[in-house]
Amino acid sequence: MGTLIDVPEDTPLTPSARSPYFHHAVTGSATTFKPSTSTSSLGSAGAPSRTPSVASQRSPSGLVRSSTTRSASGDTLSLSGVATPRRPRSGSPATVKERDRDKDGEKSGREREGREGKSGKGLVVPPTHKTRNTPHLPHSKEAEPAPATLMHWSRAPVYGAMPMHGTRAHSVTLIDNVAWFFGGCDERGCWRDVFCFNTETMQWTHPDVTGDIPPPCRAHTTTLVDRRLVVFGGGEGPAYYNNVYILDTVMRKWIHPVLPEGSIIPPPRRAHTSVLYKNKLWIFGGGNGSTALNDVWTLDISGPTDRLRWEQVETKGKKPTARGYHTANLIGNVMVVVGGSDGRECFADIWCLNLDSLLWSLVKLGESHKRLSHTATQVGSYLFIYGGHDGGSYMSDLLLFNLVSLQYEPRQVAGRPPSARGYHAACLADSRVFVFGGFNGIEVYDDVHILDLAGAAYLPQVTSFRIDVE
């Protein structure tokens, strides 16, 4: 297994760069952590205790109802999860100058977070979100006309109760037409807020949630099971988690299942992947702070939440090298793993694990692309692989991987793509791929971009195919 010291999250890949599983902005030194064992009891494998700073104490919405403030842009800063909307402007959509002024205003509003909205005896209540009542419509004189049949990039005209901050290493999970956004971090710390984004109206909302709310975390996995979101792993700063939290999206309530003492559970990790197959979550890889991992675990969720059961899976054949910040997609009964890094090298390989035979197989590629911290979104018989890091720089290209021929294919795309980034999140909604947030080594993004499939809108309807692996 590789030592996670070299892969960039905040800087390009250099021999002296620190681990991508380590949050540089929060911690003050490159502390080396002891490797975890392959199995551990529940009593000894809990998340490490920590005392977060004021900046990292993120309270969920709905617990306190207080006043609101307003940023220079007119966006309302809510201190309680419930914002008082400003009077909507009449007339035409925002001009370019208004949009630039709004951007500056939003920045100043974020800089005032924690300084505004005092309540009680000097207690600082940081704003939980900002409210925008008028969508900022995209304007670009540099955009070239494009045929209506070409896939096309654009920036989403979002509005509503929006996150106060840019986000990276978060999760986005689609339920119906709503993308559920959880966790992640910016340059100040990690978050545990839940936001919802309507992919039809482009409206953000900040739902009130109750129950056993997870700690702030990043680089976790969120897997959809019925209408529940199952969150596993992740971490904040030097803390690595192996806890399971479940959000009932109907009741808006978090549950933290507690396994019987002595139960076998995976070692703490983040930057791993998870897919759902036959009522089991299949967890692969990640990192524990000192080494990368290539183990496979399953979590049986077929029963009630108090009867969850972990099991380590012994696979067959040659295994992928240990890695994190890869992607995994379930295609039929096959888990397709793309790229990743072991802390020293950025990988271009693609592996398939048959979840019935438990046999690993390596795809023979005609052309290859190194990637870590990218996204891979299934669109019919293709994986749309966007962005990430290639070991030298952050990328903004879109790669199409054909799941039938198991090869990359070129495809022309029009519009203005998102700027180069990694550690973003993406999902497919109807005939559009949405990209949320990310990081370019300097800036943490809070934007949303749309890839309209246009003439390729039929692709999500292609379901009758299989991957030809053993």
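Because the structure is a prediction, the values reported are computed rather than measured.

In this section: empty space enclosed by the protein. Summed over all chains, the structure comprises three cavities of 30 Å³ or more. Considering only enclosed or pocket space, the largest cavity measures out at about 90 Å³ in volume. In terms of lining residues, the largest cavity is bounded by 14 residues, among which Pro163, His165, Trp204, Asp446 and Asp447 are the most central. For the lining of the largest cavity, the secondary structure elements donating two or more residues are β33 (432–439) and β34 (444–452). Considering every element that reaches the lining of the largest cavity, the biggest residue donor is β34, with three residues. In this model, the second largest cavity occupies a volume close to 40 Å³.

All right, on to the sheet that holds strand β26 (residues 360–362) then. The four strands are arranged β23-β24-β25-β26 in an open sheet whose pairing can be described as antiparallel. In this open sheet, the two strands that pair with only one neighbour each are β23 (327–331) and β26. Going across the sheet, the axis of each strand differs from the next one's by a mean of 25°, ignoring polarity. In the sheet, strand β25 (residues 350–354) pairs with β26 via three bridges, with the strands oriented antiparallel.

Before going further, it helps to spend a moment on the environment of proline 268. Relative to the assigned elements, proline 268 resides in the loop between β18 (253–255) and β19 (273–277). Residue classification places proline 268 among the buried positions, given a relative accessible area of 14%.

Glancing now at the confidence of the model for the chain. With 72% of its residues at a pLDDT of 70 or more, the chain shows a mean pLDDT of 80. Across residues 1–73, confidence stays below pLDDT 50; counting only partners more than four residues off in sequence or on other chains, it has 220 contacts. In the model, residues 79–122 has pLDDT below 50 throughout and makes 91 contacts with residues more than four positions away in sequence or in other chains.

On to the environment of phenylalanine 384, then. Relative to the helices and strands, phenylalanine 384 resides in strand β28 (residues 382–386). The spacing of phenylalanine 384 and leucine 428 is 44 residues in sequence and 9.8 Å in space, taken between C-alpha atoms.

Another aspect to go through is the pattern of salt bridges. On inspection of all chains with the given rule, the structure shows 10 salt bridges. Residue aspartate 446 is joined to lysine 130 by a salt bridge in which the shortest nitrogen-to-oxygen separation is 3.9 Å. On the criterion of sequence distance, the pair formed by aspartate 446 in strand β34 and lysine 130 in strand β5 (residues 129–132) is long-range, its members being 316 residues apart. The class of lysine 130 is buried, set by a relative accessible area of 1%. Here arginine 371 makes a salt bridge to aspartate 397, at a shortest N to O gap of 2.7 Å. With arginine 371 in the loop between β26 and β27 (375–379) and aspartate 397 in the loop between β28 and β29 (398–402), this pair connects stretches of sequence that are 26 residues apart.

When you line up the elements, threonine 375 lands in strand β27. A relative accessible area of 8% means that threonine 375 is categorised as buried. A polar contact of 3.1 Å, which involves the side chain of threonine 375, links it to the side chain of histidine 424. With residues near it in sequence (within four places) discarded, threonine 375 still touches Thr327, Phe384, Ile385, Tyr386, His424, Ala425 and Ala426.

Summarising burial for β19: four of the five residues are buried, a large majority. Linking β19 back to strand β20 (residues 280–287) in an antiparallel pair, the connection comprises two residues, with lysine 278 at a positive phi of about 50°.

The subject of this paragraph is the sheet that holds strand β32 (residues 425–429). Strand order in the open sheet formed by five strands is β31-β6-β34-β33-β32, with mixed pairing between adjacent strands. Each end of this open sheet is capped by a strand with a single partner; those strands are β31 (413–415) and β32. Across this sheet, the average inter-strand angle for adjacent strands is 25°, counted without regard to direction.

Reading guide: rules and limits
- Residues numbered from 1 in each chain as written.
- Predicted model: local features only at pLDDT ≥ 70, side-chain atom pairs only at ≥ 80, totals over all residues.
- Heavy atoms only, no water.
- 1 Å grid on protein atoms, 1.4 Å probe; cavity = no way out; pocket = protein on both sides within 12 Å on 5 of 7 lines; lining within 4 Å.
- Points joined across faces, edges and corners; volume = space filled by probe spheres on them.
- Helix = DSSP H or I, 4+ residues; strand = E, 2+ residues; numbered from the N terminus.
- Pairing = 2+ DSSP bridges.
- Axes fitted to C-alpha atoms, helices over the stretch in contact; angles between N-to-C directions.
- Buried < 20%, exposed > 50% of the residue type's maximum accessible area, 1.4 Å probe, protein only.
- pLDDT = per-residue confidence, 0-100.
- Contact = heavy atoms within 4.5 Å.
- Salt bridge = Lys/Arg side-chain N within 4 Å of Asp/Glu carboxyl O.
- Polar contact = N/O pair within 3.5 Å; in protein donor to acceptor, adjacent residues only side chain to side chain.

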